[in-house]
Amino acid sequence: LHRDISSGNILITETGGGLLIDWDLCKKLQDIYEGQGHIERTGTWQFITARLLVIPTNGEGAAIPDWADDLESFFYVLVWIALRYTEHGFVKGGLTKMLHAAFDDHYLDPQGAAKGGGRKKVEVCFSDPFEFSRLHNVSLKELIETLATMFAV
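Heads up: these notes are all about the structure in this document.

**So, helix α4 (residues 94-103)**
Okay, so step 1: Among all positions of α4, only Leu95, Met98, Leu99, Ala102 and Phe103 are buried. Burial along α4 is one-sided: seen end-on, the buried residues are contained in an arc of 100°. Residues of α4 that are exposed and angled more than 90 degrees away from the buried face: Thr96, Lys97 and His100.
Okay, so step 2: Of the surrounding secondary structure, the elements contacted by the buried residues of α4 are α3 (67-85) and α5 (118-125).

**Digging into the nonpolar core**
Okay, so step 1: The biggest cluster of nonpolar side chains holds 24 residues, and the ones touching the most others in it are Phe75, Tyr76, Val79, Leu83, Phe103, Phe130 and Ile144.
Okay, so step 2: A per-element tally of this core places α3 first, with seven residues.
Okay, so step 3: Setting aside residues up to four positions removed in sequence, Tyr76 forms contacts with Gln46, Phe47, Ile48, Thr49, Ala50, Phe103, Lys120, Val124 and Phe130.
Okay, so step 4: Counting five residues, the second-largest nonpolar core is a separate cluster that includes Trp45, Ile48, Leu52 and Ala63.

**Description of the environment of Ala148**
Okay, so step 1: Considering the arrangement of structural elements, one finds Ala148 in helix α6 (residues 138-151).
Okay, so step 2: Along the primary structure Ala148 and Asp4 are separated by 144 residues, whereas in three dimensions their C-alpha atoms are 20 Å apart.
Okay, so step 3: With residues near it in sequence (within four places) discarded, Ala148 still touches Phe75, Val124 and Pro129.

**Observations concerning the packing of aromatic side chains**
Okay, so step 1: The full count for this structure, using the stated rule, is five aromatic pairs.
Okay, so step 2: Here the aromatic rings of Trp80 and Phe103 are separated by 5.2 Å at their centres, their planes lie at 80°, and the arrangement is edge-to-face. In this pair, Trp80 sits in helix α3 while Phe103 sits in helix α4, placing the two residues 23 residues apart along the sequence. This pair shows no difference in class: Trp80 is buried, exactly as Phe103 is.

**Thoughts on the pattern of salt bridges**
Okay, so step 1: Counted under the stated rule, the structure contains five salt bridges.
Okay, so step 2: A salt bridge links Asp109 to Lys115; the nearest nitrogen and oxygen atoms lie 3.5 Å apart.
Okay, so step 3: With relative accessibility at 11%, the residue Asp109 sits in the buried group.
Okay, so step 4: For Lys115, a relative accessible area of 15% translates into the label buried.
Okay, so step 5: Among the ionic pairs, Glu145 bridges to Lys141, the shortest N-O distance being 3.4 Å. Of this pair, Glu145 and Lys141 both sit in helix α6, separated by four residues, roughly a single helical turn.
Okay, so step 6: Overall, the relative accessible area of 23% leaves Glu145 in the partly exposed class.

Cut-offs applied
- Residues numbered from 1 in each chain as written.
- Predicted model: local features only at pLDDT ≥ 70, side-chain atom pairs only at ≥ 80, totals over all residues.
- Heavy atoms only, no water.
- Buried < 20%, exposed > 50% of the residue type's maximum accessible area, 1.4 Å probe, protein only.
- Helix = DSSP H or I, 4+ residues; strand = E, 2+ residues; numbered from the N terminus.
- Arc of directions from axis to C-beta.
- Contact = heavy atoms within 4.5 Å.
- Core = buried A, V, L, I, M, F, W, Y, C linked by side-chain atoms within 4.5 Å.
- Phe/Tyr/Trp six-rings, centres within 6.5 Å; stacked < 30°, edge-to-face > 60°.
- Salt bridge = Lys/Arg side-chain N within 4 Å of Asp/Glu carboxyl O.

Structure representation (structure tokens):
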């Protein structure tokens, strides 16, 4: 698992291909499943899956990261970039407010651990996730809506 999928770790090549960089936090799935080494929550907060933000990755009932978390992180990168860098119908300040609420949402639990992701998961489960009806690029809007149904489970 890469465990830090983010907009800063994806490079676009001159030929239009993509390259995933910054593998220093990666772990082999086998090592995770066999309980080898401490599995701490890692990654860029805005792109960590809601599941890993809500459920702690240590202690009893810990969330164990898996390949689906990396895939969902790619989805959040796509959402983030689409909303920030393509034409949309958000009013001035509305996009910033929505991005902050959905991607930066956090609180400290009684033990002092940062948690969040609730708003992110709610957005994915809505019929108009992240208000994509406001995107002007129809193909991108349809792609994101289709992918959102996969992560709404």
